[in-house]
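# Descriptive analysis of the structure
Here are the chains, one letter per residue:
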Amino acid sequence: MLKTDYEMAREDERTFATIQAAVAGIVVALLAALATVLTQTCQLNHRAKNCTEAPALFLATAPAIPFAALALLQLLGLVATLRSYYLRAVEAELRRVAAVPLGELAGVGLSSPSYAALIAEASTMRRGRSRYRILSILILLITLSVFSGLTAFIAVSLGGRTGLVMAIGYGWAFLLLVADVTAATIGGRSAFLRLAEQLAVRQGTGLLAGNPPRGPRRRGLLSYLVLPRPEDWVKWLLIPLAFTVVVLARDLTPQWGRLLLTLLLVEYLVYAARYQVNDIRGYAEDAVHPEAAARMRLPHPADPAARRLVVVCSALVAAVRLVTAFGIAAATGLTRGLLAVTAVIAVVGMLYEYLRAAEARPGGARRAAAVGLWLLVGTGYALRYAVGAHAAGLPFGDPLVWTGALYAYGLGVMFVLLTWVLEASAYCGAPRPRRWYASPALRAKPHLLLLLRHVRGVTVMSGTPPAGSPGCGEVPVLRGRCAPAAPWNLAYWATVAAAVPFALCLTGLTPGDAAGVWVLAASAPAAALLPLAGGPTARTLLLTAGTVLPAVGVALLAGPGAALFTALPFAVCGGLYTSFRQQSYRDLKHFLPDLTATTRHTAARALRALVGRATWDDLTH
């Protein structure tokens, strides 16, 4: 059986080698022919006397032909990599069954023949000769550089929207190709192990029996590179919300294209690159996080070479994101604004990393560094609001911009501190309900550990938790009372204080107006009492009073239109605060999956009620 399988694999290898050589020749021929044809067009060669006027769509899609050939060549290369590992495994097993040494090679110490292993010593990217690897990398770089250079030349020559679409479309397709080439060469061992594990799971399932049950889902590198932090989806809402609120409050004409372009540049490119740098620096810490799977950060394979590949790919993609962002900004005239935003993000990011490093050092500076982190985390929220308001058409000096940015800053600090105190609970074990033991990983993070001191009824013990202690990640640690001077409470009160001028700017009122006085009088008691409430019911009632009373008063004094903008800042702030006080860290990290499951269950119940139980049972059994 092994011998037959080995012979079939060797025959397949010879066939594939011929196909690979043919496809490589086709790629070279296509690139040469494409370059020759395109240089005869008027759009790409203005100096040619007898040039041909070609449609822009033809020029834009022309690079797709050699790209398809390159993709096919890469797929064949991946199959060749998998075949190489499999052949070596089969040869090793055959040697154990019937070890027959080659007499001619006995002098070099080769105990038994292994053709695939011998070839691997020369031609693999992990173990091959250095000159072979250098030449192979040169071949790849030359081919990919010629293709990317030709495509970039066409995109720049066409310019406008066509060039922009080409840059985005081909750019990410090219990035996908490079990532797959890297995974099939340098990361070939990890790719083989991953696919072998998948096959092992599926072998117990019949061919037509459906999909096998899935084990714990692990995030792949490609998924991370496409969207680094899906758990931070709420941050994507800040710029559109600021844009929408400003447009409605000032009755502006919405520029939706500008909003989408701003989201692409700031959130998906610049901020995503910043998150990738942060995840690289915290690579080892994220791997041992109690909720590592739910956080969906960088993959952490067992093989050190694979981990190096993950980090290198992430760093390269972060650089590509920044280059892409400034390329698009240059094409759309937004270079100055993007440069300013990127500078702020970079400065805040460097200060954040400095404080994280400072709190890891022994001494009294740990607490100061933790407090500095608490105060710093709201900067990104303020920046996002200012960017959204500016995208709506307001200058940065407008009162609605800076009052909203101040409100967003306080909201961001409160939001992050509430998240962090819940995260701190996930690092603890509790042999008894109110006796918590912090793990060593938590003690290395004072910005989390210090927050637990403000939770009443919880004593953080020194030492390691006893074996078998249940985790605290599912405990709604903030549901009861907490210290009034807790950092998240102070951030809440500061946010409510900032909400008053923000609400007045949204409605166009002043503190001297009757409606303005009503806003101050109605919101202050609720803001003062909400953090002091002892249970969810009391907090919900105070939240309702703190939002409805100002809205009703403003509706009577200044009209219903102003009432919505009056209630909005208080509703958002109080709603977030009340929601966090009622959930655990596990609830927070599994919010979207739980919401999806609840929606699916509700829809199924509604459909069952609509079609009847008998029909439902017939359809589902």
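The shown structure was predicted, so the numbers you read here are calculated from the model rather than taken from an experiment.

### Looking at the overall build of the protein chain
Broken down by element type, the protein chain carries 26 helices and 3 strands. Counting only residues that meet the buried cut, the protein chain has 41% of its 621 residues in that class. Considering only contacts within the protein chain whose residues lie at least 6 apart along the sequence, 73% involve residues at least 24 apart. In the form shown here, the protein chain has an accessible surface area of approximately 32,400 Å², with 68% of it arising from carbon and sulfur atoms.

### Thoughts on a nonpolar patch on the surface
Where nonpolar side chains cluster on the molecular surface, the patch consists of Ile134, Leu135, Ile137, Leu138, Leu141, Ile142 and Val146 and spans about 640 Å² of accessible area. Within the secondary structure, leucine 141 sits in helix α5 (residues 130-158).

### Considerations on the pattern of salt bridges
Overall, the coordinates contain 9 salt bridges when judged by the stated rule. Residue aspartate 398 pairs with arginine 250 through a salt bridge whose shortest N-O separation is 2.9 Å. Linking aspartate 398 in the loop between α16 (379-392) and α17 (399-426) with arginine 250 in helix α9 (residues 238-250), this pair joins segments that are 148 residues apart in sequence. With a closest N to O distance of 2.8 Å, arginine 281 and glutamate 353 form a salt bridge.

### Here's the deal with α17
End to end, α17 covers 41 Å across 28 residues, agreeing with the expected 40 Å (1.5 Å per residue, within 8%). With 24 of 28 residues buried, α17 lies mostly within the body of the structure. Structurally, the start of α17 carries an N-cap: the backbone nitrogen of leucine 400 is 2.8 Å from a side-chain oxygen of aspartate 398.

### Things to note about the packing of helix α13 (residues 304-332) against helix α14 (residues 335-359)
Helix packing for two helices is described by the angle between their axes and how far apart those axes are. As a packed pair, α13 and α14 sit with axes 8 Å apart at the nearest point and diverge in direction by 150°. As the angle between them shows, α13 and α14 are arranged roughly antiparallel. Here Ala325, Phe326, Ala329 and Ala330 of α13 lie close against α14, whose contacting residues are Thr335, Leu338, Leu339 and Thr342. For the contact of α13 with α14, the residue count by class is 6 nonpolar, 2 polar and no charged.

### What to know about the nonpolar core
Counting residues in each nonpolar core, the largest one holds 95 residues, and the members touching the most others are Tyr385, Trp420, Leu442 and Trp488. When residues of this core are assigned to their parent elements, the largest contribution, 17 residues, is made by α17. Listed in part, the 19 residues of the second largest apolar core include Leu59, Leu70, Ala155 and Leu177.

### So, the packing of α9 against α16
The contact between α9 and α16 brings their axes to 7 Å, and the two run at 45°. In terms of orientation, α9 and α16 fall into the oblique class. Considering only the axes of α9 and α16, their crossing is right-handed. Together, Leu238, Ile239, Ala242, Phe243, Val246 and Val247 of α9 and Tyr381, Arg384, Tyr385, Val387, Gly388, Ala389, Ala391 and Ala392 of α16 make up the contact between the two elements. A per-class count over the contact of α9 with α16 returns 12 nonpolar, 1 polar and 1 charged.

### Quick notes on α9
Its 13 residues give α9 an end-to-end C-alpha distance of 18 Å, which sits within 8% of 18 Å, the value for a rise of 1.5 Å per residue. For α9, the full list of buried residues reads Ile239, Pro240, Ala242, Phe243, Val245, Val246 and Val247. Positive phi shows up at aspartate 251, right after α9, with a value of about 55°.

### Brief notes about the environment of valine 416
Residue placement: valine 416 occurs in helix α17. If sequence neighbours within four positions are ignored, valine 416 has contacts with Val377 and Tyr381.

### A few points about unusual backbone geometry
Residues apart from glycine generally show negative phi values, whereas peptide bonds are mostly found in trans. With a phi angle near 55°, aspartate 251 is a residue other than glycine that sits in the positive phi range. Mapped onto the secondary structure, aspartate 251 falls in the loop between α9 and α10 (256-281).

Conventions adopted
- Residues numbered from 1 in each chain as written.
- Predicted model: local features only at pLDDT ≥ 70, side-chain atom pairs only at ≥ 80, totals over all residues.
- Heavy atoms only, no water.
- Helix = DSSP H or I, 4+ residues; strand = E, 2+ residues; numbered from the N terminus.
- Buried < 20%, exposed > 50% of the residue type's maximum accessible area, 1.4 Å probe, protein only.
- Contact = heavy atoms within 4.5 Å.
- Areas by Shrake-Rupley, 256 points an atom, 1.4 Å probe, with all protein chains shown as cover.
- Patch = residues over 30% accessible without salt bridge, like charges linked within 9 Å, V, L, I, M, F, W, Y side chains within 5 Å.
- Salt bridge = Lys/Arg side-chain N within 4 Å of Asp/Glu carboxyl O.
- Expected span 1.5 Å × (residues − 1).
- Polar contact = N/O pair within 3.5 Å; in protein donor to acceptor, adjacent residues only side chain to side chain.
- Axes fitted to C-alpha atoms, helices over the stretch in contact; angles between N-to-C directions.
- Parallel < 35°, antiparallel > 145°, perpendicular 65-115°, else oblique.
- Nonpolar A, V, L, I, M, F, W, Y, C, P; charged D, E, K, R; others polar.
- Core = buried A, V, L, I, M, F, W, Y, C linked by side-chain atoms within 4.5 Å.
- Left-handed = near helix turned anticlockwise from the far one by under 90°.

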